[in-house]
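This is what each chain is made of:
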There are 2 protein chains.
Amino acid sequence: MAKKPYSKDFKLGVLGGGQLGRMLLQEAVNLDIKLAALDPNPEAPCHQIVNFFTTGDFNDRKTVREFGKDLDVVTVEIEHVSIEGLRDLEKAGVKVFPQPDMLEIVQDKGLQKEFYKEHQIPSAPYRLLNNKAELYDNTDFLPAAQKLRKGGYDGRGVFVIKSKDQIEEGFDAPTVLEKFVDFEKELSVIVARNESGEIKTFPSVELDFNPKANLVELLFAPANISDEIAKKAENIARKTIEAFGLVGILAVELFLTKEGELLVNEVAPRPHNSGHQTIEANITSQYAQHLRSILNFPLGDTDLLRPAAMVNLLGEEGHTGPVIYEGLEEALQISGVYVHLYGKTDTKPFRKMGHVTITAATADEAREKAMRVKSIIKVKAK
Amino acid sequence: MAKKPYSKDFKLGVLGGGQLGRMLLQEAVNLDIKLAALDPNPEAPCHQIVNFFTTGDFNDRKTVREFGKDLDVVTVEIEHVSIEGLRDLEKAGVKVFPQPDMLEIVQDKGLQKEFYKEHQIPSAPYRLLNNKAELYDNTDFLPAAQKLRKGGYDGRGVFVIKSKDQIEEGFDAPTVLEKFVDFEKELSVIVARNESGEIKTFPSVELDFNPKANLVELLFAPANISDEIAKKAENIARKTIEAFGLVGILAVELFLTKEGELLVNEVAPRPHNSGHQTIEANITSQYAQHLRSILNFPLGDTDLLRPAAMVNLLGEEGHTGPVIYEGLEEALQISGVYVHLYGKTDTKPFRKMGHVTITAATADEAREKAMRVKSIIKVKAK
């Protein structure tokens, strides 16, 4: 790059102005990287605190092109953006990371599954369906998870079909029918690759999902797994980012089956919920690493400095409207508690409103404090 | 406080929009605290990234009053602000921390010294002078440091007079003539006190000054001192903040004399250069602690998690103009290196343009890496 990222007129654009962009901004300030964000919501979490905020639809080709044309590098904090708009920008000489071709695969869970198969990346068996009717031809494949090929996000677009009599409730759209995996644990490995091809993985973490919302609710770092499994998970993450040729960071979510097998569930080519705790717990945070990757800086060391846990602050059920947080001050009395509120004005059930990272001297202590934090803080509507 | 600090319309104001305000913003984002900054420079480091930025003179009573009248709490990132303006705000019901009475003492090094004497806080012997002529009546007090009572900042306003023949170069203004202290080390302890009266100290750090600019150039945490001295330093810091009745954080700079005595050099009631490394190296950062203090939250634990060093990135001599940073990418190859650029567009000799924190497994390793970083990164003009 001729223009240095920390020079006065260098600008990094982010499609999406949510919490991930917000945490990226907190880190970008350190290197004096000017951030521009595009989001349809004029009061999105990045509003007011990024250097340049544009209200607009990141799924609209022209809007993306207009937003990005004077920027030096464009990245995303959400996958569901206009690929055409990003391709236009690439043609115009703007660097775009993650690359549009890679993003296009990630946007479509069917293409994602085919990609894993083609590159011998372990993943659960699947079938591609065009509509609900085809579910009836595949009852031999149950139990299975039916996943919308496009548009699923934050736990939406996934339906677990245990038996035939649930088929009628299934999606009538192009989907992936994925053989149900009776997993022991869900893991995540974040891996980064810069333009020069340097790769570094973060240590595996363990995820606990809220079964109702299909959302990560709790996270523990490090994952309570053997060194052998940890090594294997990191190798899969490394192989996956290399196969994609991605520049940026990639969150690789994995199932650890009861037989000790590792299967890629899905990937996200951006900062990810499973990496929030790296801000306080690792030498380099996922946000710093993402910036290092896409700006082609040397990657940072990823060692975990202290055991950590992360609690997602999800909107309480039955509460919709202007948000209030209960119990924050009580939680702040606990040592090693880091509250992150995303600045969303309204809550709704299971909306990600913030998170809390807990670091402690031991994994058990981090877990115990996380459970306390989870019971103390409540996200409600006024 | 009726209005919660993390509610939608709560606003915290900062007089000054420099690097300290900028790092405060990075932390305030975590609790979704909306920040408003006032600075005469429209391109100050806080420009564009705080929620509300006002260009104006924080030394002007009316400007301060106008800036603060709709805010919930007002704080400072520099001492040299209009006390009258802050008093007006207090009268109008705005909370002001540090309190104006305390700030008034700090603004005047003569009043500071009298305050220490009155409260039995150890400090070097001094005399108060009205002009240069009076220096000639006090030659018995040399060698001594002549310090401007008002307006000194960032190493300016201090002149060391070793012998009579230097008197002519002294300040012709109201000054403090302070007996020269032949110190072994310079230390700093940051201490916090919230509105409820809870007090916590950070562990002592050791400062290395650039002799030419009289500015902190290197810092080491923890300070290489005995537990006994460390304890004593923390007690002095605690006693000082209690004497002031300050709500907020206070950086207490101390001389450790060759005889093992501790003397308060000066204090700063705000985030301080000697606490930058707490962002990465301590459980709670000085910025988070300052917010906790002035918002009356429980104070955070201050333990040092890993040995750390801090290198101030000062503008090179002979370089004035639009800044370029040399060696940043090379420095980023070193593990545990955290670069903070302040976003100032122009450099000049000894201007504080940024800092680098280094954390490491041992104090020696942190020191060695700090020396490397110092030799690698150069702040120059284009």
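About the criteria used
- Residues numbered from 1 in each chain as written.
- Chains lettered and ligands numbered in written order.
- Predicted model: local features only at pLDDT ≥ 70, side-chain atom pairs only at ≥ 80, totals over all residues.
- Heavy atoms only, no water.
- UniProt positions renumbered as here; feature names shortened; annotations may be inferred.
- Helix = DSSP H or I, 4+ residues; strand = E, 2+ residues; numbered from the N terminus.
- Rg over C-alpha atoms; globule rule 2.2 N^0.38 Å.
- Buried < 20%, exposed > 50% of the residue type's maximum accessible area, 1.4 Å probe, protein only.
- Areas by Shrake-Rupley, 256 points an atom, 1.4 Å probe, with all protein chains shown as cover.
- Contact = heavy atoms within 4.5 Å.
- Axes fitted to C-alpha atoms, helices over the stretch in contact; angles between N-to-C directions.
- Parallel < 35°, antiparallel > 145°, perpendicular 65-115°, else oblique.
- Nonpolar A, V, L, I, M, F, W, Y, C, P; charged D, E, K, R; others polar.
- Buried area = accessible area lost by both parts, 1.4 Å probe.
- Salt bridge = Lys/Arg side-chain N within 4 Å of Asp/Glu carboxyl O.
- Polar contact = N/O pair within 3.5 Å; in protein donor to acceptor, adjacent residues only side chain to side chain.
- Arc of directions from axis to C-beta.
- Least-squares fit on C-alpha atoms with pLDDT ≥ 70 in both.

The name given to chain A in an unreviewed UniProt entry is N5-carboxyaminoimidazole ribonucleotide synthase, with Cryomorpha ignava as the source organism. We quote the UniProt Catalytic activity (unreviewed entry) comment for chain A here in full: "5-amino-1-(5-phospho-beta-D-ribosyl)imidazole + hydrogencarbonate + ATP = 5-carboxyamino-1-(5-phospho-D-ribosyl)imidazole + ADP + phosphate + 2 H(+)".

**Some details on the overall build of chain A**
Within chain A, the regular secondary structure consists of 10 helices and 21 strands. Computed over its C-alpha atoms, the radius of gyration of chain A comes to 20 Å, within 12% of the 21 Å expected for a compact globule of 382 residues. Oriented by its inertia axes, the alpha-carbon framework of chain A measures out at about 60 × 50 × 45 Å. Taken over 382 residues, chain A has a buried fraction of 60%. Counting every atom, chain A has about 14,500 Å² of accessible surface; 46% of that belongs to carbon and sulfur.

**As for the UniProt feature "binding site: ATP" (unreviewed entry) in chain A**
All names here are of chain A. The feature "binding site: ATP" (unreviewed entry), as annotated in UniProt, sits at K109, K147, E178, K179, F180, V181, E186, N265 and E266 in this numbering. Its place among the elements puts E186 in strand β10 (residues 183–193). Relative to the helices and strands, E266 resides in strand β15 (residues 262–268). Note on E266: relative accessible area 24%, which makes it partly exposed. Other than its neighbours up to four places away in sequence, E266 contacts K109, Q112, Y116, K147, A251, V252 and E253.

**Some details on the packing of helix α4 (residues 100–107) of chain B against helix α5 (residues 109–118) of chain B**
For any two helices packed against each other, one specifies the crossing angle of their axes together with the interaxial distance. Residue and element names in this part refer to chain B. One can describe the packing of α4 onto α5 by two numbers: an axis separation of 5 Å at closest approach and a directional angle of 105°. Comparing the axis directions of α4 and α5 gives the class roughly perpendicular. The segment α4 lies against α5, with E104, I105, V106 and Q107 engaging K109, L111, Q112 and F115. Looking at side-chain class alone, the contact of α4 with α5 contains 4 nonpolar, 2 polar and 2 charged residues.

**Some details on the interface of chain A and chain B**
In this assembly, 38 residues from chain A lie in contact with 38 residues from chain B. Counting the surface lost from both chain A and chain B, the interface buries some 3,700 Å², and carbon and sulfur atoms represent 52% of this. The largest per-residue losses of area from chain A upon contact with chain B belong to Q48, E329 and L332 of chain A, which jointly make up 16% of the total buried on that side. Two residues, D32 of chain A and R22 of chain B, come together in a salt bridge whose shortest N-O distance is 3.1 Å. In this structure, the connection of chain A to chain B is made through 23 residue pairs in polar contact (both at pLDDT 80 or more). Among the secondary structure elements, those contributing two or more residues to the side of chain A that touches chain B are α1 (19–28), α9 (328–331) and β18 (337–341) of chain A. Looking at which element gives the most residues to the side of chain A that touches chain B, the answer is β18 of chain A, with 5 residues.

**With respect to helix α4 (residues 100–107) of chain A**
Within the span of α4 of chain A, buried status applies to P100, M102, L103, V106 and Q107 of chain A. Seen from one end, α4 of chain A has its buried residues packed into an arc of 155°, which puts them on one side.

**So, the side chain of T357 of chain B**
Summarising the element assignment, T357 of chain B is placed in strand β20 (residues 352–359). The exposure class of T357 of chain B is buried, given its relative accessible area of 0%.

**Remarks on the pattern of salt bridges**
Summed over all chains, the structure comprises 51 salt bridges over all chains. Close ionic contact of K200 of chain A with E198 of chain A constitutes a salt bridge, the shortest N to O distance being 4.0 Å. Residue classification places K200 of chain A among the partly exposed residues on the basis of a relative accessible area of 22%. Notably, a salt bridge pairs R270 of chain B with E79 of chain B, separated by 2.0 Å at the nearest N-O pair. Note that R270 of chain B is positioned in the loop between β15 (262–268) and α7 (278–281) and E79 of chain B in the loop between β4 (73–76) and α3 (83–91), a separation of 191 residues in sequence. A single burial state applies to R270 of chain B and to E79 of chain B, both of which are buried. The network of salt bridges with shared partners includes R22 of chain A together with D32 and K34 of chain B.

**Description of the relation of the copies chain A and chain B**
Structural alignment of chain A on chain B gives an RMSD of 0.0 Å, achieved by rotating through 180° and translating 0.0 Å along the axis. When the rotation and shift are considered jointly, the pair of chain copies conforms to a two-fold rotation axis. Across chain A, the smallest distance between a C-alpha and the rotation axis is recorded for I49 of chain A, namely 2.2 Å. Here 100% of the contact residues of chain A are again contact residues in chain B; the copies associate through an equivalent surface.

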